[in-house]
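Below, each chain spelled out in residue letters.
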Amino acid sequence: MAQYSLVSGSVGLITLKNPPVNALGAVVRHGIVDSVEKALSDPKVKSVVICGQNGMFCGGADIKEFGTDMKGPPLIPMFHSLEAANKPVVAAIEGGAFGGGLELALGCHYRIAHSKAKVGLPEVTLGLLPAAAGSQRLPRLIGVPAALNLITTGRHITAAEALQLGLVDQVADHNTVDTAVKFAQSVVGKSLDSRRISNFQCPPVPNVDVLFEEVMQKIRQTSRGAIAPIACVQAVRAAATLPYKDGLQKEKELMATLFTSGQARSLQYCFFAQRVVSRWSMPNGASWDTSKGRPIHKAAVIGLGTMGRGIAVALAQTGFSVVAVETQEKQFMDAKKAVAGMLERGAKRSGKVAAHDKIIYSQNLQAIADVDLVIEAVFEDMALKKRVFRQLSDVCKPGTFLCTNTSTLDIDQMAAETRQPELVVGMHFFAPAHVMKLLEVVYGPRSSPEAVAVAMQLGKKMGKVSVAVGNCRGFVGNRMLKPYRDQAYFLLEEGATPELIDQALEEFGFAMGAFKVYDLSGLDVGWKVRKEEGLVLPGGGSGKSARIRQGVRYSPLGDLMCEEGRFGQKTGRGWYQYDKPGSRDAKPDPWVHRFLEDYRARHGLVARRISNQEVLERCLYAMINEGFRILEDGIAAGPEDIDIIYVFGYGWPRHRGGPMFYANMVGLPIVLERLEHFAQANPDVPTLQPCNLLRKLVASGSPPISKWREAMKNVHSQL
Ligand SMILES: CC(C)(COP(=O)(O)OP(=O)(O)OC[C@H]1O[C@@H](n2cnc3c(N)ncnc32)[C@H](O)[C@@H]1OP(=O)(O)O)[C@@H](O)C(=O)NCCC(=O)NCCSC(=O)C[C@@H](O)CCCCCCCCCCCCC(=O)O
């Protein structure tokens, strides 16, 4: 609702009330219309202030209303009647004004923001554009380049930046509503013509065509197939080149296309999924609302390789005291230098002081005796990790949480080496750990809810999107990656090239195709793991067993590349060629094409034409099938957990919502039918066999993804 009151004898105060963010749902919209009418018709009222309750102006249109029949007054005429009012209307912005919330403020004659408030037009992140005249008013107020930047990125800006841009008129340090009321009284009687933004001409831009062409080109390159940023540019262009009324018409047309698009549905799903995963639960019933963590003041990082360095930096930048331990002399010296550099660069970017004093370096494990939490980041070697956990258990004070940054290994085996296995959890960061947003928090069968709560809270403090998952090989992310990568290799054997596969995946929206990722992360990493698993045979093996390991289809292509010393970017040669070692500019390599032809000839394989569609179906459906197995095994609590892991950690295009949402969009019966087809053609690839949960969901009428958790409960009880 919106509450109306008369304050200071002459100011009509309209307070938006719709917790938690005062979104502009139908009831609020009705409330605003009624309140404005009251204020404008009351001769005692000389000016109007609009604010939001509980220190929050307005989070924008009610996203939960989208996809419903959306009754109630529309926003655009409401904002026009505010702007046309003959009494000054002032927006008092506390907390934030986002999307429709900022558009409401732009319909007012003046805007006053609290110094801690943030404002923005984040519609693009929901697959939309600011379609309550925001795309037309903002460029008229702050100019085309600044408006383009805000609207196409959706970034939230501070009150100080908003003031500098001319987006707000005044910044208040104390009571914003009181300030706005006084301000509203002070401007009574002043002409309002110059305050009605829709009457403004956009400030002229030299070479307007060139500017828009450049922006459009940049966005096409970076948007990876997302349509909303392009529509945003088109809308701002309309503001820059057309009269307000025509620009508004263009905004409406563009919004009509976006509003019902699959991309908008996917992005809005991601918005809510990100919030769903923070409400974690474990199969034993423990959950975020019943489990309390403990405060962490001092942490330690063990092992200062790439991951350990990033984790230490992330902790220090969050404000934790960190003991960074590395026992090898050379690595220790290199790490100190590297971490200092990372902190300096971080400080330069953020404008804060570099957190050097937060880190104590040591080569001695005894230095961590008094820490509250340890993150182990030594090599991925179970024997080594077990030894470290035994030592940690001896050295640390009782009650210290012991976390491992392993990306695949069994948490439970490490916990078994300690005196308090309930305090052991995985904290799987993604490289570079001080940059990447995702954190998989992995609980083993003995991890306590308290330990999970601590890791989740720590992740949140560090600005990570944390997802709690169960213990299995590769957890969620890397477990699903394996069948995807297997299919990419099998497609090479059958006639594809790395370029063909990568192009299909990049056109789908991945930042990088599977083979470019291999080259980036190093082919030798997986080779080492496969060797430890006994999968690698010299020369790739021979005879019938060459392409079968442990009873299932196996491609030795990655092993053979490593035997040739082709480890990817670091050696300047991998699935692509590079100008020099370390270079990132991947070029197709005729050597790789000959290598693949020789390989096929040796194995009697006849290359066939492989379509982009087949690449996508085989790689993605194999991955999705594993996702359903993960749900079936109770490793992830719901499809949202999987999707958020993929969007934040694996470059899955957000506008496609994550692999499980994508399956929901494609249609579960289609995914099942294609998997059945591929499984029949590849009986030696068990990961293509559709899993029971998928079959049961299809048999139960393919409920929408919002109903999967419910359906999973029923299915689990039948499995
Ligand atoms: C505001 C935040 C920054 C606050 O962050 P914080 O961390 O404090 O809190 P949370 O993020 O955890 O949120 C708390 C809680 O609130 C829920 N929530 C937040 N925002 C909204 C919202 N806008 N609507 C509904 N619910 C919201 C959130 O989900 C949490 O609850 P949960 O239960 O899930 O835990 C932060 O929340 C934030 O960033 N929010 C989103 C801000 C945003 O993106 N706003 C823009 C919204 S879109 C918009 O405003 C569109 C307008 O420009 C235009 C609208 C015009 C509509 C016209 C439609 C016509 C369509 C034409 C089609 C014609 C088709 C045809 O022809 O038929």
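Not measured: the values here are computed from a predicted model. (Residues numbered from 1 in each chain as written. Predicted model: local features only at pLDDT ≥ 70, side-chain atom pairs only at ≥ 80, totals over all residues. Heavy atoms only, no water.)

Draft legend 1. Structural view of the sheet that holds strand E5 (residues 96-98). Strand order in the open sheet formed by 3 strands is E5-E7-E8, with mixed pairing between adjacent strands. Either end of the sheet is taken by a strand with one partner, and the two such strands are E5 and strand E8 (157-158). Relative to E5, helix H3 (residues 100-107) is tilted by about 95°, and along the sheet it contacts E5 and strand E7 (118-120). (Pairing = 2+ DSSP bridges. Helix = DSSP H or I, 4+ residues; strand = E, 2+ residues; numbered from the N terminus. Contact = heavy atoms within 4.5 Å. Axes fitted to C-alpha atoms, helices over the stretch in contact; angles between N-to-C directions.)

Draft legend 2. Broad picture of the environment of Gly99. Tracing the sequence through the fold places Gly99 in the loop between E5 and H3. Its relative accessible area of 5% is what places Gly99 among the buried residues. Residues Gly99 and Gly154 lie 55 residues apart in sequence; the distance between their C-alpha atoms is 8.9 Å. Excluding residues within four positions of it along the chain, Gly99 makes contact with Gly60, Gly120, Leu121, Pro122 and Glu123. (Buried < 20%, exposed > 50% of the residue type's maximum accessible area, 1.4 Å probe, protein only.)

Draft legend 3. Summary view of the site of the ligand. In the region of the ligand, 28 residues are neighbours, and Ala61, Gly100, Glu103, Glu123 and Arg275 sit closest. Between an oxygen atom of the ligand and a side-chain N or O atom of Arg275, the distance comes to 2.8 Å. When the ligand sits alone it has 1,300 Å² of accessible area, and the protein chains cover 68% of it. At the level of elements, H3, helix H10 (244-259) and helix H11 (262-277) are the ones that each hand at least two residues to the shell around the ligand. At 3 residues, the largest contribution of residues to the shell around the ligand is made by H11. Of the residues assigned to the shell around the ligand, the class counts are 18 nonpolar, 4 polar and 6 charged. (Near = heavy atom within 4 Å. Polar contact = N/O pair within 3.5 Å; in protein donor to acceptor, adjacent residues only side chain to side chain. Areas by Shrake-Rupley, 256 points an atom, 1.4 Å probe, with all protein chains shown as cover. Nonpolar A, V, L, I, M, F, W, Y, C, P; charged D, E, K, R; others polar.)

Draft legend 4. Highlighting the UniProt feature "domain: 3-hydroxyacyl-CoA dehydrogenase C-terminal" (unreviewed entry) in the chain. The UniProt entry lists residues 474-578 and 615-702 under the feature "domain: 3-hydroxyacyl-CoA dehydrogenase C-terminal" (unreviewed entry), expressed in the numbering used here. With 51% helix and 4% strand, residues 474-578 has its two end C-alpha atoms placed 30 Å apart. Structurally, residues 615-702 is divided into 67% helix and 0% strand, and its ends, taken at the C-alpha atoms, are 25 Å apart. (UniProt positions renumbered as here; feature names shortened; annotations may be inferred.)

Draft legend 5. Looking closely at the packing of H3 against helix H4 (residues 134-142). It is at 10 Å that the axes of H3 and H4 come closest, and there the two elements cross at 55°. Taken as axis vectors, H3 and H4 run oblique relative to one another. Crossing angle aside, the handedness with which H3 passes H4 is left-handed. Mapping the contact onto sequence places Glu103, Leu106 and Gly107 in H3 and Gly134, Arg137, Leu138 and Leu141 in H4. (Parallel < 35°, antiparallel > 145°, perpendicular 65-115°, else oblique. Left-handed = near helix turned anticlockwise from the far one by under 90°.)

Draft legend 6. Up close: unusual backbone geometry. A cis geometry characterises the amide bond from Pro19 onward to Pro20, with omega recorded as 5°. Its place among the elements puts Pro20 in the loop between strand E2 (11-16) and helix H1 (26-41). Following Ala431, the chain continues to Pro432 via a peptide bond in cis, the omega torsion being -10°. One can find Pro432 in the loop between strand E15 (424-429) and strand E16 (438-443). The phi angle at Phe475 is positive, at roughly 55°, despite the residue not being glycine. Among the structural elements, Phe475 can be located in the loop between strand E17 (465-470) and helix H17 (477-494).

Draft legend 7. Up close: H10. A rise of 1.5 Å per residue sets the reference length of H10, with its 16 residues, at 22 Å; its end C-alpha atoms lie 22 Å apart and thus fit the reference within 8%. Restricting attention to buried positions, one finds in H10 the residues Tyr244, Gly247, Leu248, Glu251, Leu254, Met255 and Leu258. Relative to the axis of H10, the buried residues are bounded by an arc of 125° and lie together on one face. Exposed residues pointing more than 90 degrees away from the buried face of H10 are listed as Lys245, Lys252 and Thr257. Elements that come into contact with the buried residues of H10 comprise helix H2 (75-84), H4, helix H9 (228-241) and H11. (Expected span 1.5 Å × (residues − 1). Arc of directions from axis to C-beta.)

Draft legend 8. Up close: the sheet that holds strand E3 (residues 47-52). Ordered in space as E1-E2-E3-E4-E6-E9, the 6 strands form an open sheet in which the pairing is mixed. The open sheet has two free edges, formed respectively by strand E1 (2-7) and strand E9 (170-172), since each of these has just one partner strand. Direction aside, the axes of adjacent strands within the sheet are offset by 25° on average. Of the pairings in the sheet, the one linking strand E6 (residues 110-114) to E9 comprises 3 bridges and is parallel in character.

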